[in-house]
Amino acid sequence: MAENIGSIEALLQEDRTFPPSEEFKKQANIKDPSVYEEARKDPEAFWERFAGELDWFKKWDTVLEWNPPFAKWFVGGQLNVSYNCIDRHLKSARKNKAAIIWEGEPGDWAVYTYRDLYREVCKFANGLKSLGVKKGDRVTIYLPMVPELPIAMLACARIGAVHSVIFGGFSADSIRDRIEDSQSKLMITADGGYRRGSVVPLKQNADESITGDTPVEQVVVVRRTGTADAQMVDGRDIWWHELVSDQPLNCDPEPMDSEDMLYMLYTSGTTGKPKGIVHTTGGYLTGTYATTKWIFDLKEDDVYWCTADIGWVTGHSYIVYGPLANGATTVMYEGSPDYPGRDRFWSIVEKYACTILYTAPTAIRTFMRWGEDLPESHDMSSLRLLGSVGEPINPEAWVWYWKNIGGGRCPVVDTWWQTETGSILIAPLPGITTLKPGSATQAFPGIDAEILDEAGNSVGPGGGGYLVIKKPWPSMLRNIYGDPERFQEQYWSKYENTYFTGDGAKLDEDSYFWLLGRVDDVINVAAHRVSTMEVESALVDNPKVAEAACIGRSDEIKGQAIVAFVTVKENINTSDALITELKQHVATKIGPICRPDDIHFAAELPKTRSGKIMRRLLRDVAEGRALGDTTTLADPAVVESLKEQYGDED
Ligand code: WTA
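Everything numeric here is computed off the predicted structure, so don't read it as measured data. (Residues numbered from 1 in each chain as written. Predicted model: local features only at pLDDT ≥ 70, side-chain atom pairs only at ≥ 80, totals over all residues. Heavy atoms only, no water.)

So, the environment of Arg115
- Along the chain, the position of Arg115 falls in helix H6 (residues 114-130).
- Note: C-alpha distance between Arg115 and Arg94 (21 residues apart in sequence) is 8.7 Å.
- If sequence neighbours within four positions are ignored, Arg115 has contacts with Leu90, Lys95 and Asn96. (Helix = DSSP H or I, 4+ residues; strand = E, 2+ residues; numbered from the N terminus. Contact = heavy atoms within 4.5 Å.)

What follows is the structure, given as structure tokens:
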């Protein structure tokens, strides 16, 4: 924590400010700062107004029931998320508006109007029913970024099944753990997906994840790449196109209680076992609907592109549910930003005349390295607002983004939130907030965010500490699937009745929030959450490894890079070949995003006298810093020898 705060001092030297331009302000959805005060006075009434803009089959009786740490929102109300994202737009001219504009990596593309989306979702929902899927059943979705992914999610929502989407970059073991935890009987996958010109063999990973004892009984397969025709398993696998071919075009939406589960999404925590974050129906939809509308200043004719993968929460909330609940046009791109050229993103912006672009700092830093010429060679005058998410954005990247992508005319909204929060909690309102590059600025109206010191005192302007949320909010996680004790312990035990985010933050003199990164054993690699424990267990899973410790070291592009310190078993030779083998082992076990960037061999790992690995000192070694306090080390010689060995490398 202290180290993090040290490094942020430089950030706080940032004194450039960007008030909203007159032109932007004039057209903004929200111009009057009194919304903050209004929401502060009566947060429940504030949220209730947004809930009232959705379509309910039955209105709620009570806005909030709060039995810490368990919240229930819009209690007694009934609605359906798929109905709100599709059917209600069919009553107006929106019915023929583009809901999803999709572009595949090879250059194929498709547009789904709201009416098209209705038909495809209904057909697939009927298909799911014909396979025996019922309300409350869990369905695992492991798909590339193809239209069938949001269609499958919405179809689950339509019939009240709970989806569990697994990012297409995860490997068989990770899928198996998640399937086991969720007890899904059905999996939806594809033969493959395109990434950087090659095919990612999703079906093969999916097949490996359900060998032996598995709850999965049936697999629906989207034919995307034509690479798994010979791998269809009789009696278990069914093609998507065959399943939907004869289904009726209408499917009544299941009335869901506001607190019925909508989905679960696994995220990394401080232990090796991923947590299934539980989101429910009414509150989640209200939160994503409200924040999309206000933070992105969404208008009827916007073409909104969030570049995330739907396998992460950003895609759930800000490609699918938030934009579609608003009746927006949402763009989806299947592949890599550098295929076939490094200007792919800018050609997509130009081609579809995107007006809003929402991406991650790690991408922005990569684009900076690739140079200004690429965005300059495209007409991006359609853009009017830019967003950033997933990790702290450094002021240089913020200003580069503002100038070179936004042409100096688009506000940049830096949005802080988490899988657990469901929707954005800290971000500017672009028609009101004066922006400061590197700061996510202020809590969204109705959100009570504070920074506390170790003892639980509010630090006030100028102070640093732990970011917490003091009042419940509609889209908050309701539980960890099947593990209420861990839910309690992880988020609610540090301070009483207060949500602990796991992030460090600092408040400046104007009470703006500056996010500093995680304070726990989670590292943020290219805006993806990776648990050090997960990587460590994958490493010790290799028979040559005795012990491993992982840390995140700062990385210019990815924010953080994964560094592993490994002790090998007796009689094992350390070599470059072993480093390659271990990196590959982790990639195969968990997924390529968890592949360590560096592996250092260590005769011993630095530990406290009680045997706890001192990762803080390993970070000092990896980042070439002077060692912090070493007084609690069992054997100071251990870290000194590591420092000699590796200290100058980075
Ligand atoms: C980090 C992604 C600084 C933070 C939406 C958080 C950020 C974790 C920002 C959640 C931001 C996300 N500025 N840090 N604007 N946005 N983070 O669950 O550490 O994948 O706890 O959700 O990302 O990651 P998750």
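A word on the site of the ligand
- Near the ligand lie 17 residues; those nearest to it are Asp414, Thr415, Thr419, Arg518 and Arg529.
- Measuring from a nitrogen atom of the ligand, one finds a backbone N or O atom of Thr415 at 2.7 Å.
- One nitrogen or oxygen atom from the side chain of Asn524 is found 3.4 Å from an oxygen atom belonging to the ligand.
- Computed on the free molecule, the ligand has an accessible area of 530 Å², of which 97% lies beneath the protein chains in the complex.
- Going through the elements one at a time, helix H12 (313-325), strand S20 (412-415) and strand S25 (513-518) are the ones with two or more residues in the shell around the ligand.
- The residue makeup of the shell around the ligand, split by class, is 6 nonpolar, 6 polar and 5 charged. (Near = heavy atom within 4 Å. Polar contact = N/O pair within 3.5 Å; in protein donor to acceptor, adjacent residues only side chain to side chain. Areas by Shrake-Rupley, 256 points an atom, 1.4 Å probe, with all protein chains shown as cover. Nonpolar A, V, L, I, M, F, W, Y, C, P; charged D, E, K, R; others polar.)

Regarding the layout of surface pockets
- In this model, the second largest pocket occupies a volume close to 420 Å³.
- Lining of the second largest pocket is provided by 22 residues; of these, Arg40, Ala443, Ile447, Asp448 and Ala449 occupy positions nearest its centre.
- Going through the elements one at a time, helix H3 (34-41) and strand S21 (449-452) are the ones with two or more residues in the lining of the second largest pocket.
- In terms of residue count, the dominant contributor to the lining of the second largest pocket is H3 (4 residues). (1 Å grid on protein atoms, 1.4 Å probe; cavity = no way out; pocket = protein on both sides within 12 Å on 5 of 7 lines; lining within 4 Å. Points joined across faces, edges and corners; volume = space filled by probe spheres on them.)

Things to note about the nonpolar core
- If you look at the biggest cluster of nonpolar residues, it comprises 171 residues, and the most contacted ones within it are Phe124, Ile141, Ile188, Tyr321 and Leu539.
- Per-element accounting of this core gives the leading share, 9 residues, to helix H7 (residues 148-159).
- Split by domain, the residues of this core number at least three in each of domain 1 (9-335 + 343-505) and domain 2 (521-649).
- Aside from chain neighbours lying at most four places away, what touches Ile141 is Leu149, Ala152, Met153, Cys156, His163, Ser164, Val165, Ile166 and Ile188.
- Of all hydrophobic cores here, the second largest spans 31 residues; its members include Trp305, Tyr352, Trp398 and Tyr401. (Core = buried A, V, L, I, M, F, W, Y, C linked by side-chain atoms within 4.5 Å. Buried < 20%, exposed > 50% of the residue type's maximum accessible area, 1.4 Å probe, protein only. Domains from an automatic or database assignment.)

Re the domain arrangement of the protein chain
- Splitting the protein chain by domain gives domain 1 (9-335 + 343-505) and domain 2 (521-649).
- Distance from the C-alpha centre of domain 1 to the C-alpha centre of domain 2: 32 Å.
- If you look at the interface, domain 1 gives 27 residues, while domain 2 gives 22 residues.
- Linking domain 1 to domain 2 there are 3 salt bridges.
- One salt bridge connects Glu556 with Arg369, and the closest N-O pair in it is separated by 3.7 Å.
- Elements that contribute at least two residues to the side of domain 1 that touches domain 2 include exactly helix H8 (172-182) and helix H14 (361-370).
- The dominant element in the side of domain 1 that touches domain 2, judged by the number of residues it contributes, is H14, at 4 residues.
- Along the lines of polarity and charge, the residues of the side of domain 1 that touches domain 2 split into 6 nonpolar, 14 polar and 7 charged. (Salt bridge = Lys/Arg side-chain N within 4 Å of Asp/Glu carboxyl O.)

Some points on H6
- With 17 residues, H6 should reach 24 Å at 1.5 Å per residue; the first-to-last C-alpha distance of 24 Å fits that figure.
- Burial analysis of H6 places 13 of its 17 residues in the buried class, which makes it a mostly covered element.
- Just beyond H6, the residue with positive phi is Gly132, at close to 95°. (Expected span 1.5 Å × (residues − 1).)

Topic: the sheet that holds strand S11 (residues 218-222)
- Judged by pairing direction, the sheet is mixed, and its 8 strands sit side by side in the order S12-S11-S8-S6-S7-S14-S15-S23 without closing on themselves. Looking at which strands have only one partner, the edges of the open sheet turn out to be strand S12 (237-239) and strand S23 (479-480). (Pairing = 2+ DSSP bridges.)

Brief notes about the side chain of Asn326
- The residue Asn326 is located in the loop between H12 and strand S17 (329-333) in this model.
- Among the residues examined, Asn326 registers a relative accessible area of 11% and is labelled buried.
- In this structure, Asn326 is in contact with His89, Arg94, Tyr289, Thr292, Lys293 and Leu298, ignoring residues within four places of it in sequence.

A word on the packing of helix H4 (residues 43-51) against helix H11 (residues 282-295)
- As a packed pair, H4 and H11 sit with axes 9 Å apart at the nearest point and diverge in direction by 85°. The angle between H4 and H11 places the two elements in the roughly perpendicular class. Contact residues: Phe46, Trp47, Phe50 and Ala51 in H4; Thr286, Tyr289, Ala290 and Trp294 in H11.
- Here the contact of H4 with H11 is composed, by residue class, of 7 nonpolar, 1 polar and no charged. (Axes fitted to C-alpha atoms, helices over the stretch in contact; angles between N-to-C directions. Parallel < 35°, antiparallel > 145°, perpendicular 65-115°, else oblique.)

Brief notes about the packing of aromatic side chains
- All told, the structure shown has 44 aromatic pairs when counted by the stated rule.
- Ring geometry for Trp47 and Phe50: centres 6.4 Å apart, planes at 45°, overall tilted. Here Trp47 pairs with Phe50, and both are found in helix H4, just 3 residues apart, close to one helical turn. Comparing Trp47 with Phe50, the two get one shared label, buried.
- Ring pairs connect the aromatic residues Trp66, Phe70, Trp473, Phe487, Tyr491, Trp492 and Tyr499, which therefore count as one cluster.
- Here Lys494 stacks its cationic end above the ring of Phe500, 5.8 Å away from the centre of that ring. (Phe/Tyr/Trp six-rings, centres within 6.5 Å; stacked < 30°, edge-to-face > 60°. Lys NZ or Arg CZ within 6 Å of the ring centre and 35° of its normal.)

As for the environment of Arg625
- Residue position: Arg625 is located in the loop between helix H20 (615-622) and helix H21 (636-646).
- The exposure class assigned to Arg625 is partly exposed, which follows from its relative accessible area of 29%.
- A C-alpha to C-alpha distance of 27 Å links Arg625 and Asp508, two positions 117 residues apart in sequence.

Some details on the pattern of salt bridges
- Evaluation of the coordinates by the stated rule reveals 50 salt bridges.
- A salt bridge links Arg478 to Glu259, with the nearest nitrogen and oxygen atoms 2.9 Å apart. Of this pair, Arg478 sits in the loop between strand S22 (464-469) and S23 while Glu259 sits in the loop between strand S13 (256-257) and strand S14 (261-267), and the two are 219 residues apart along the sequence.
- In this structure Glu259 comes out as partly exposed when scored by relative accessible area, which is 22%.

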